[in-house]
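Chain by chain, the residues:
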Amino acid sequence: MFIGIIGSGTMGIGIAQVAATSGCEVFLYDANSAQTEKSLLNLKQTLQKLVSKQKISVEKSEEIFNRIKACSNLSDLKDCDLVIEAIIENKEIKTKVFQDLEGIVSEKCIISSNTSSISITSLQAELKKPERFIGIHFFNPAPIMPLVEVIPGLLTKEKLAQEIYSLMETWGKIPVIAKDVPGFIVNRIARPFYGEALRLVEENIATPEQVDDAMRSLGNFKMGPFELMDLIGIDINFSVTKTVYQDYFYDPKYKPSLLQQRMSEAKLLGRKTGKGFYDYSDQMKEPSARSPETVEDKNLYSKIFMRIISMLINEAVEAKRLGIANDDGLELAMQKGVNYPKGLLAWGKEIGFSKISETLQNLYEEYQEERYRQSPLLKKI
Ligand SMILES: NC(=O)c1ccc[n+]([C@@H]2O[C@H](COP(=O)([O-])OP(=O)(O)OC[C@H]3O[C@@H](n4cnc5c(N)ncnc54)[C@H](O)[C@@H]3O)[C@@H](O)[C@H]2O)c1
């Protein structure tokens with residue numbers, strides 16, 4: 001199968017590696033050819049590491065590398081069966097590329113976007129043949145994270161989602177079909193992990209360290225919200241939150257945090273700038289989970305954990321109610337896309353949906369804010 005990839009940055013080269021590893025011929029194009037050269041050099045090193053760890057043979061690494069062809073023109077993608085776009089997150093620029101591409105590829109070629117936040121329907125609506133367009137959303141790093149959200153837009157032809165689902169399985173991925181809603185599955189459901197954590201700190205209820213410790217020790221999360229925001233980049237995380245908030249017509253549930261805005265303004269962006277919620281200037285010391293010791297700590301940690309987990313479970317229940325994905329899809333998405341230790345629906349059952357509902361009710365009464373409104377399904381589930 002011939003796969004075209006547009007954009008050879010972080011995601012494009014990762015997706016190219018995945019496709020080439022599963023035997024596809026890959027045509028990789030970027031407007032900046034220096035980026036393609038740089039990414040291919042990095043890929044060569046990555047493949048060498050896999051060889052030295054005995055994950056793949058030398059022959060296999062050469063095969064993978066040789067299957068990826070650097071292209072200097074978009075027209076080099078003319079024979080592709082599927083094109084995956086992974087360029088800058090800008091609707092106008094993406095649309096121009098898709099319109100140019102339509103004049104190059106065959107009628108049968110499937111065109112897709114790896115966008116994290118732009119509506120698939122809004123992108124396909126600008127095309128002559130919108131029915132062959134679909135969202136294929138990989139997670140970073142694409143060769144490692146198993147989840148792929150497959151997102152048909154309103155105009156996508158009926159069987160295409162299933163075809164891409166099957167193709168992603170042959171690429172060794174765990175696909176989940178998602179509705180074309182802001183943030184799709186993961187970036188929508190995960191919002192309170194960051195939002196509620198930021199709020200606890202803004203209100204001086206806890207420090208970032210305490211929030212992270214609570215989520216790691218009581219929730220078994222690999223990383224707490226603040227460590228994770230530092231890793232993702234506080235500006236990137238802030239921008240996803242703003243997009244989801246705007247695209248849900250300013251639903252107060254997704255209201256961004258002023259603290260995060262100030263951190264972005266100050267360029268305290270996390271690991272990439274050496275300082276975010278933590279200081280990385282000394283040495284990259286990995287934080288480890290500390291268990292609460294005093295009774296005050298225990299009470300605080302349990303308050304932090306229950307507040308964040310209740311908000312997350314409420315989001316998952318609401319996503320179930322709206323049919324954003326089926327139950328298995330919702331559970332898999334959070335575990336395979338962002339490494340949650342359990343599916344949120346199963347977690348809700350374990351804690352008790354009535355306890356989740358009670359926690360949200362208390363928050364609602366305390367704050368009188370719509371932010372804490374419950375999914376109508378939460379009381380019935
Ligand atoms: N980085 C992530 O964690 C992540 C995760 C999932 C999805 N995404 C999405 O994937 C896409 C790419 O993100 P990224 O992080 O790889 O970005 P990136 O900045 O690393 O790479 C983007 C590449 O696109 C190229 N480009 C820009 N305009 C172009 C054009 N008109 N034609 C051809 N090439 C062009 C740039 O030269 C650059 O090399 C975005 O839509 C983003 O939302 C990113």
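In the block above lies the structure referred to throughout.
In this structure, Ile15, Val26, Val83, Val150 and Ile185 are the most contacted members of the largest nonpolar core, which totals 100 residues. Two domains share this core, each providing at least three of its residues, namely domain 1 (2-177) and domain 2 (187-372). For Val83, the residues in contact, after removing those within four places along its chain, are Gly4, Ile6, Leu77, Leu101, Val105, Cys109, Ile111 and Ser112.

Let us now look at the site of the ligand. Taken together, 23 residues are adjacent to the ligand, and Gly7, Gly9, Met11, Ala31 and Asn140 come closest. For the shell around the ligand, the element with the most residues is helix H1 (residues 10-21), which contributes three residues. In terms of residue class, the shell around the ligand is made up of ten nonpolar, eleven polar and two charged.

On the basis of which strands lie adjacent, the open sheet formed by eight strands has the order S3-S2-S1-S4-S5-S6-S7-S8 and mixed pairing. Unpaired on one side and paired on the other, strand S3 (68-71) and strand S8 (174-177) mark the two borders of the sheet. Recorded for the sheet is a direction-independent mean angle of 25 degrees between the axes of neighbouring strands. Bridge analysis of strand S1 (residues 2-6) against strand S2 (residues 25-29) gives five bridges, and the strand direction is parallel. Bridge pairing in S2 places Ile3 opposite Val26. Relative to S8, helix H14 (residues 327-337) is tilted by about 135 degrees, and along the sheet it contacts strand S7 (147-152) and S8.

What follows is about helix H8 (residues 191-202). For H8, with twelve residues, the first-to-last C-alpha span of 16 Å sits near the 16 Å given by 1.5 Å per residue. Of all twelve residues that make up H8, ten are buried, and the element is covered over most of its length. Those residues of H8 that sit buried are Arg191, Pro192, Phe193, Tyr194, Gly195, Glu196, Ala197, Leu198, Arg199 and Leu200. Next to the buried residues of H8 lie helix H7 (186-189), helix H9 (208-217), helix H10 (225-232), helix H11 (234-247), helix H12 (258-265) and helix H13 (295-321). With its phi angle positive at about 60 degrees, Asn204 sits one or two positions after the end of H8.

Procedures and definitions
- Residues numbered from 1 in each chain as written.
- Predicted model: local features only at pLDDT ≥ 70, side-chain atom pairs only at ≥ 80, totals over all residues.
- Core = buried A, V, L, I, M, F, W, Y, C linked by C-beta atoms within 7 Å.
- Buried ≥ 20, exposed ≤ 12 C-beta atoms within 10 Å, placed from the backbone.
- Domains from an automatic or database assignment.
- Contact = placed C-beta atoms within 7 Å.
- Near = placed C-beta within 6 Å.
- Helix = DSSP H or I, 4+ residues; strand = E, 2+ residues; numbered from the N terminus.
- Nonpolar A, V, L, I, M, F, W, Y, C, P; charged D, E, K, R; others polar.
- Pairing = 2+ DSSP bridges.
- Axes fitted to C-alpha atoms, helices over the stretch in contact; angles between N-to-C directions.
- Expected span 1.5 Å × (residues − 1).

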